[in-house]
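Fold and geometry: a report
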Amino acid sequence: MITEEEFFSRMPKIIGHRGACGLAPENTLASLRKAAEIGTSFVEIDVTVTQDSVAVIQHDNDVRRCSNGSGPILLKTLEEIQQLDAGSWFSDEFKGEKIPTLRQATDTLADLGLGLNLEIKPCSGWQIPTTEQVAKELLDYWPEDLPLLISSFNVDALYEMGRLIPDIPRGYLTSAIPPDWEERLTDSGCASLHCERHYVTKDQVKAIKKAGFQLLVYTVNDPEEAEKFLGWGVDAVITDFPDRMFGALEL
């Protein structure tokens, strides 16, 4: 696995959100390909598990929002999941696009040369089994030379990943930055803090960077706002529209 230091030395200022989800259906192989097509070098995607313990790329616990199906992923087998159309909701162009497995996404990322921020999205109560399965699969087939960062809102998932694969850098996801952010980052062994754009102040950025942590801000779709955050010292912004950023910022 690539070291924490090497990951962040290679991490760009612009990271595609759920691939390039403003341009293609989120968390699909099409979205990964679109991100690469427009020049994105790192992406963020979400991972959870099926009833038969296969890691799949999906943000929500339920498939309803981003497919033609309904119901919890945790109660569906992989076969049932991959029968769904995960593209038509976005546009007819992507009709028939599937919810990919982590293995399929990994193969595509490797082919495209894309670094990854993988967010663990466990169903409540299923934090440990989800993390265990993701870790098992990563150890089985993740390419050693492909940059990887694990993040989660779920602290149990972060602790468990740190126990299972301590060499992978981890990011602590939050909306507002908690007052005890430094203690939380240190206790969970996280190298980066990922926070929502509405809650970021210049003083917080300064303090977090001074303490030696990386800071990523999501979801930034306005190039002027991205320029502001990067000017404050934020390490990267996560965006639905990487193409907007590349067109407006000199990076």
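Here, the structure is the one placed above.
Quick caveat, the model's predicted, so the values are computed rather than measured.

**Focus: the packing of aromatic side chains**
- The tally for this structure, following the rule as stated, stands at six aromatic pairs.
- Considering the side-chain rings of Phe 7 and Phe 8, the 5.1 Å spacing of their centres and the 90° angle between planes classify their relative orientation as edge-to-face. Per residue, the accessibility class of Phe 7 equals that of Phe 8, and both read buried.
- With centroids separated by 5.7 Å and ring planes inclined at 75°, the aromatic side chains of Phe 90 and Phe 94 adopt a geometry described as edge-to-face.
- Here Phe 90 falls in the partly exposed class, since its relative accessible area comes to 27%.

**Some words on the pattern of salt bridges**
- Within the structure shown, the criterion is met by twelve salt bridges.
- Between Arg 65 and Asp 60 there is a salt bridge, with its nearest N and O atoms 2.7 Å apart.
- Relative accessible area serves as the criterion here: at 39%, Arg 65 is assigned to the partly exposed category.
- We classify Asp 60 as buried; its relative accessible area is 18%.
- Through salt bridges that share partners, Arg 18, Glu 26, Asp 46, Asp 60 and Arg 65 make up one connected network.

Thresholds, definitions, all that
- Residues numbered from 1 in each chain as written.
- Predicted model: local features only at pLDDT ≥ 70, side-chain atom pairs only at ≥ 80, totals over all residues.
- Heavy atoms only, no water.
- Phe/Tyr/Trp six-rings, centres within 6.5 Å; stacked < 30°, edge-to-face > 60°.
- Buried < 20%, exposed > 50% of the residue type's maximum accessible area, 1.4 Å probe, protein only.
- Salt bridge = Lys/Arg side-chain N within 4 Å of Asp/Glu carboxyl O.

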